[in-house]
Amino acid sequence: MADKKIKKIVLAYSGGLDTSIIIPWLKENYDNPEIIAVSGDVGQGTELDGLEEKAIKTGASKLYVLDLKEEFIQDYVYETLKAGAKYEGEYLLGTAFARPIIAKGIVDIAKKEGADAICHGCTGKGNDQVRFELTIKAFAPEMKIIAPWREWNIKSREEEIEYAEAHNVPLKINRETNYSKDKNLWHLSHEGLDLEDPANEPQYDKEGFLEMGVSPEKAPDQPAYITLSFEKGKPVALDGVKLNGTEMVKSSTKSAARTASASWTSWRTAWWA
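Residues numbered from 1 in each chain as written. Predicted model: local features only at pLDDT ≥ 70, side-chain atom pairs only at ≥ 80, totals over all residues. Heavy atoms only, no water.

From N to C terminus, the protein includes eight helices and 10 strands. Its C-alpha radius of gyration of 20 Å places the protein within 12% of the 19 Å reference for a compact globule of 273 residues. Across its three principal directions, the C-alpha atoms of the protein cover 60 × 40 × 35 Å. Counting across all 273 residues of the protein, residues that qualify as buried make up 48%. (Helix = DSSP H or I, 4+ residues; strand = E, 2+ residues; numbered from the N terminus. Rg over C-alpha atoms; globule rule 2.2 N^0.38 Å. Buried < 20%, exposed > 50% of the residue type's maximum accessible area, 1.4 Å probe, protein only.)

One open sheet accounts for three strands, arranged β8-β9-β10; its pairing is antiparallel. Each having just a single partner strand, β8 (228-231) and β10 (241-242) make up the two edges of the open sheet. Inspection of the sheet shows strand β9 (residues 234-238) paired to β10 by two bridges, in the antiparallel sense. Among the inter-strand pairings, leucine 238 is bridged to a residue of β10, identified as valine 241. (Pairing = 2+ DSSP bridges.)

The pairing of strand β6 (residues 180-183) with strand β7 (residues 188-191) spans four bridges and is antiparallel. Each residue of the ladder has a partner; that of lysine 183, found in β7, is leucine 188.

It is worth spelling out helix α4 (residues 99-113) at this point. Relative to the 21 Å expected for 15 residues at 1.5 Å per residue, α4 spans 21 Å between its end C-alpha atoms, a close match to the ideal helical length. Along α4, the residues that are buried comprise Arg99, Ile101, Ile102, Ala103, Gly105, Ile106, Val107, Ile109, Ala110 and Glu113. Positive phi appears at glycine 114, one or two residues downstream of α4, with a value of about 65 degrees. (Expected span 1.5 Å × (residues − 1).)

Attention now moves to the side chain of threonine 253. Summarising the element assignment, threonine 253 is placed in helix α7 (residues 245-259). We classify threonine 253 as buried; its relative accessible area is 12%. From its side chain, threonine 253 meets the backbone oxygen of valine 249 in a polar contact 2.6 Å long. (Polar contact = N/O pair within 3.5 Å; in protein donor to acceptor, adjacent residues only side chain to side chain.)

The next thing to look at is the sheet that holds strand β4 (residues 117-119). Read across the sheet, five strands follow the order β3-β2-β1-β4-β5 without closing on themselves; strand pairing throughout is parallel. Strands with a single pairing partner mark the edges of an open sheet, and in this sheet they are β3 (62-67) and β5 (144-146). On average, each strand axis in the sheet is inclined to that of its neighbour by 25 degrees, with strand direction left out of account. Of the pairings in the sheet, the one linking strand β1 (residues 8-12) to β4 comprises three bridges and is parallel in character. Opposite valine 10, over in β4, you have isoleucine 118 as the bridge partner. (Axes fitted to C-alpha atoms, helices over the stretch in contact; angles between N-to-C directions.)

These values are about where atoms sit, not about what they do.
Here it is, written out as structure tokens:
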């Protein structure tokens, strides 16, 4: 049973399907608490457009957008790659290493606002809930954590869409484009729909599927070359031009995008080869 003593909740808010319906759900199930939405900007780009209007329209009292991009690249991405940390020897932790910095920022806002609880939209079966909650407990061990996916009766993204429609929650997706995506400066992950069956090939040429690259069929026939300069194990210049971490990743992303999405992992790995 929900704790009726909770009057103010800070929500890790992306504006995606999960967190969009969590705001009205918290209002219904926690005796109409104040909901403060917090988004960590780690390079989602246009995904942050219109987020404040949407959060408030859905029931939040305000939205914080924390600019975490440079800290994310310098202290999380670069350090992880320098350590050679890859999940199962292949995955470059694109989603995973963004979670602790976002959770840390959310704790800062929760303390500033005097919140009673922090809420996240991670599923009850995934690793993300562990990443978020261990970080929250490290910085605010006394803070109550609410994880709706471990409480509510919703069982699928289809049911989430139905809930959103019933509560007039605006969505950018529909049942045909209902991929679950996670984007930051470093990567973009997809899951859901046809991708859930390993027998299906990714539809690289499907409109809207690729956002950070092109399919191999659409890539140029000639390879592209870049020159990176390093100091103390971190890239500091691209083709002789000094760049900070954010600019470095954005510039190299554009170069990789022109080559092909299929080369993305090898392109990134080559930084520390």
